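Spelled out, the chains give:
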Amino acid sequence: MELLQEHPQLAPYLAESEAVNHGHPSIRHEAERLQTSTPDAYAYARAAYAFVRDAVPHSQDSGDPRVTWRASDVLELRTGICHAKAHLAAALLRAAGIPTALCYQRLTLGDGLGEGHALHGLIAVRLDGAWHRQDVRGNKPGVDARFSLSGERLAWVPRAEFSELDYPVLYAEPRVVVLNALKAAPDRPTLWRTLPDAL
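Quick caveat: nothing in here was measured; it's all calculated off a predicted structure.

K.L.:
Account for the overall build of the chain, with residues named and values stated.
P.N.:
In terms of regular secondary structure, the chain is built from 7 helices and 6 strands. Dimensions of the chain along its principal axes, counting C-alpha atoms only, are 45 × 35 × 30 Å. Taking all 199 residues of the chain together, 48% fall into the buried category. In the chain, the proportion of contacts linking residues at least 24 apart, taken out of those at least 6 apart, comes to 64%. Element-wise, carbon and sulfur atoms account for 52% of the exposed surface of the chain, whose accessible area totals about 8900 Å². The chain carries 21 positive and 24 negative side-chain charges, and their two centres are separated by 2 Å.

Encoded structure:
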């Protein structure tokens, strides 16, 4: 699949926003901590990816009912669904000057057994002159996502027979429909009922 930039310039993929708030002191502090042990942009991107994937549990996996959406809150509370974790990963990467996009998949709920669909959130990093999608959702039995610049190692590959799909656009900011759902949900069970199923 060819990934398509929403913006022709890279500047929007380095910008700060309400959700990807990489100017926040806690984000800057974590970025500086990661940079002390990484010699270059590639090592930093890998370390930031691993931190978000492994040190911030996916709230469904951990049973945490709280809903987060702003990167600094995801970092502070150490919880979030895929979209929230993507916002944190984007913030940490942009804080180090690595262009980072938000991207989406449409996946089934309940393994395609008639329970509907939901949007899944990913990131893409711009390294070595190309975009590389990454999934910081967090691993669990049956999910083994890894940082990779030589072929995608995402949590899931969409299955056409279940009307799943990859959206090719690389967005500079979270989609409004996703952000509105995250902001409005008082808890994760409610969010599961209100997350959009398509862009």
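K.L.:
How would you sum up the environment of Val74? Please name residues and give values.
P.N.:
By the element assignment, Val74 lies in helix H4 (residues 71–77). Residue classification places Val74 among the buried positions, given a relative accessible area of 0%. Placed 59 residues apart in sequence, Val74 and Arg133 show a C-alpha to C-alpha distance of 21 Å.

K.L.:
Go over the packing of aromatic side chains with me, naming the residues and quoting the values.
P.N.:
For the coordinates displayed, the defined rule picks out 3 aromatic pairs. Measuring from ring centre to ring centre gives 5.1 Å for Tyr13 and Trp131, while their planes differ by 65 degrees; the resulting arrangement is edge-to-face. Pair noted here: Tyr13 is in the loop between strand S1 (4–5) and helix H1 (25–35) and Trp131 is in strand S4 (residues 130–134), with a separation of 118 residues, a long-range link. In this structure Tyr13 comes out as buried when scored by relative accessible area, which is 0%.

K.L.:
With reference to specific residues and values, describe unusual backbone geometry.
P.N.:
Positive phi values are uncommon outside glycine, yet Arg78 reaches one of about 55 degrees. Here Arg78 is to be found in the loop between H4 and helix H5 (82–95). Look at Ser163: it is not a glycine, yet its phi comes out positive at around 60 degrees. With respect to the element layout, Ser163 can be found in the loop between S4 and strand S5 (165–166).

K.L.:
Describe the pattern of salt bridges, with residues and values.
P.N.:
Where charged atoms of side chains with opposite charge meet at close range, the side chains can pair. Summed over the entire model, instances satisfying the criterion amount to 14 salt bridges. Where Asp61 meets Arg137, a salt bridge forms, and the shortest distance between an N and an O atom there is 2.7 Å. On the criterion of sequence distance, the pair formed by Asp61 in helix H3 (residues 59–62) and Arg137 in the loop between S4 and S5 is long-range, its members being 76 residues apart. The exposure class of Asp61 is partly exposed, given its relative accessible area of 37%. Across the pair Glu164 and Arg159 runs a salt bridge, and its minimum N-O distance is 2.9 Å. With relative accessibility at 24%, the residue Arg159 sits in the partly exposed group. One continuous salt-bridge network, built from bridges that share partners, spans Asp61, Arg137 and Lys140.

K.L.:
I'd like a rundown of the sheet that holds S5, residues and numbers included.
P.N.:
Taken in spatial order, the 4 strands line up as S4-S3-S2-S5 in an open sheet, and their pairing is antiparallel. Two strands in the sheet have a free side with no partner beyond their single neighbour: S4 and S5. Sheet analysis places strand S2 (residues 100–108) next to S5, joined by 2 bridges and oriented antiparallel. Bridge pairing links Arg106 to Leu165 in S5. Sheet strands touched by H5: S2 and strand S3 (117–127). Its angle to S3, the strand with the most contacts, is close to 10 degrees.

K.L.:
Break down H5 for me, with residues and values.
P.N.:
Spanning 14 residues, H5 covers 20 Å between terminal C-alpha atoms, matching the ideal 20 Å at 1.5 Å per step. Looking at the residues trailing H5, positive phi occurs at Gly97, about 80 degrees.

What counts and how
- Starting from 1, residues in each chain are numbered consecutively following that chain's sequence as written.
- pLDDT decides what is reported in this predicted model: residues at 70 or higher carry local features, side-chain atom pairs at 80 or more are listed and counted, and totals for whole chains, interfaces and linings draw on all residues regardless.
- Values shown for side chains rest on all heavy atoms present in the structure; no hydrogens or waters enter the calculation.
- Under the scheme used here, helices are H or I runs from DSSP no shorter than 4 residues and strands are E runs no shorter than 2 residues, and both carry numbers assigned from the N terminus.
- Three exposure classes are used, based on accessible area relative to the maximum for each residue type with a 1.4 Å probe and protein chains only: buried under 20%, partly exposed in between, and exposed over 50%.
- Two residues form a contact once any of their heavy atoms are found within 4.5 Å.
- Each accessible area value is a Shrake-Rupley result obtained with a 1.4 Å probe; residue values ignore everything except the protein chains displayed when judging cover.
- When charges are counted, Lys and Arg contribute as positive and Asp and Glu as negative, whereas His and the chain ends are disregarded.
- Throughout, a charge is located at the NZ atom of Lys, the CZ atom of Arg, the CG atom of Asp or the CD atom of Glu.
- Paired rings are identified among Phe, Tyr and Trp, the last through its six-membered ring, by centres lying within 6.5 Å, and are further divided according to the angle between planes into stacked (under 30 degrees), edge-to-face (over 60) and tilted (the rest).
- When a carboxyl oxygen of Asp or Glu lies within 4 Å of a side-chain nitrogen of Lys or Arg, that pair is called a salt bridge.
- Should DSSP find at least two bridges between two strands, the strands are regarded as paired.
- Axes here refer to lines fitted to C-alpha atoms; in helices the fit is confined to the stretch in contact. Angles between the N-to-C directions go from 0 to 180 degrees.
- Multiplying one less than the number of residues by 1.5 Å gives the expected span of a helix.

These values are about where atoms sit, not about what they do.
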